[in-house]
Amino acid sequence: MNSEEKIIPPDTLEAIQELQKNKIEVVLATGRAHYYFDELAQQCGIDSYVNCNGAYVVYQGKSIYDRPIPTKTLDQLRMKLCCRMPIT
């Protein structure tokens, strides 16, 4: 995929369709949030994915795992990064 243009090359789309035709389940895996790839997943007919660096998993359109980083942890990380303190 060309990430800047969000275009799936035709041969990649054909390969995904061939896998699906042969009953092989295709699952996306990315560190990004779903809104970055929803359109592409729909275009490919993919409804299962692991995203947000493994913090969120959807299988056949249903959320089966949801473990975001706690807000308190993110706030502590932001403070340490802003102050350039060592992260412990």
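Computed from a prediction, not measured in an experiment: that's the story for all the values here. (Residues numbered from 1 in each chain as written. Predicted model: local features only at pLDDT ≥ 70, side-chain atom pairs only at ≥ 80, totals over all residues. Heavy atoms only, no water.)

Undergrad: Explanation requested: the overall build of the protein in the structure shown.
TA: On a plain count of helices and strands, the protein comes out with three helices and four strands. Taken from the N to the C terminus, the helices and strands of the protein come in the order α-β-α-β-β-β-α. Expressed along its principal axes, the backbone C-alpha trace of the protein runs to roughly 50 × 30 × 20 Å. Evaluated residue by residue, the protein yields a buried proportion of 18% over its 88 residues. Residue pairs in contact within the protein that sit at least 24 positions apart in sequence constitute 19% of those at least 6 positions apart. Carbon and sulfur atoms form 55% of the exposed surface of the protein, whose accessible area is close to 7,100 Å². (Helix = DSSP H or I, 4+ residues; strand = E, 2+ residues; numbered from the N terminus. Buried < 20%, exposed > 50% of the residue type's maximum accessible area, 1.4 Å probe, protein only. Contact = heavy atoms within 4.5 Å. Areas by Shrake-Rupley, 256 points an atom, 1.4 Å probe, with all protein chains shown as cover.)

Undergrad: In this structure, what is going on with the packing of aromatic side chains? I would like to understand it.
TA: Geometry of an aromatic ring pair is reported as the spacing of the ring centres plus the angle between the planes. Considering all chains together, one arrives at two aromatic pairs under this definition. Taken together, a centroid distance of 5.0 Å and an interplanar angle of 35° make the contact between Tyr 35 and Tyr 36 tilted. Ring centres 4.9 Å apart and planes at 80° place the aromatic pair Phe 37 and Tyr 49 in the edge-to-face group. Here Phe 37 is found in the loop between β1 (28-29) and α2 (38-44), whereas its partner Tyr 49 is found in strand β2 (residues 49-51), with twelve residues between them in sequence. One exposure class covers both Phe 37 and Tyr 49, and it is buried. We note Arg 32 situated over the ring of Tyr 36; from NZ or CZ to the ring centre the distance is 5.2 Å. (Phe/Tyr/Trp six-rings, centres within 6.5 Å; stacked < 30°, edge-to-face > 60°. Lys NZ or Arg CZ within 6 Å of the ring centre and 35° of its normal.)

Undergrad: What exactly am I supposed to notice about a nonpolar patch on the surface here?
TA: A grouping of Tyr 59, Ile 64 and Tyr 65 is seen on the molecular surface, where their side chains present a nonpolar patch of about 300 Å² in accessible area. Within the secondary structure, Ile 64 is located in strand β4 (residues 62-66). (Patch = residues over 30% accessible without salt bridge, like charges linked within 9 Å, V, L, I, M, F, W, Y side chains within 5 Å. Salt bridge = Lys/Arg side-chain N within 4 Å of Asp/Glu carboxyl O.)

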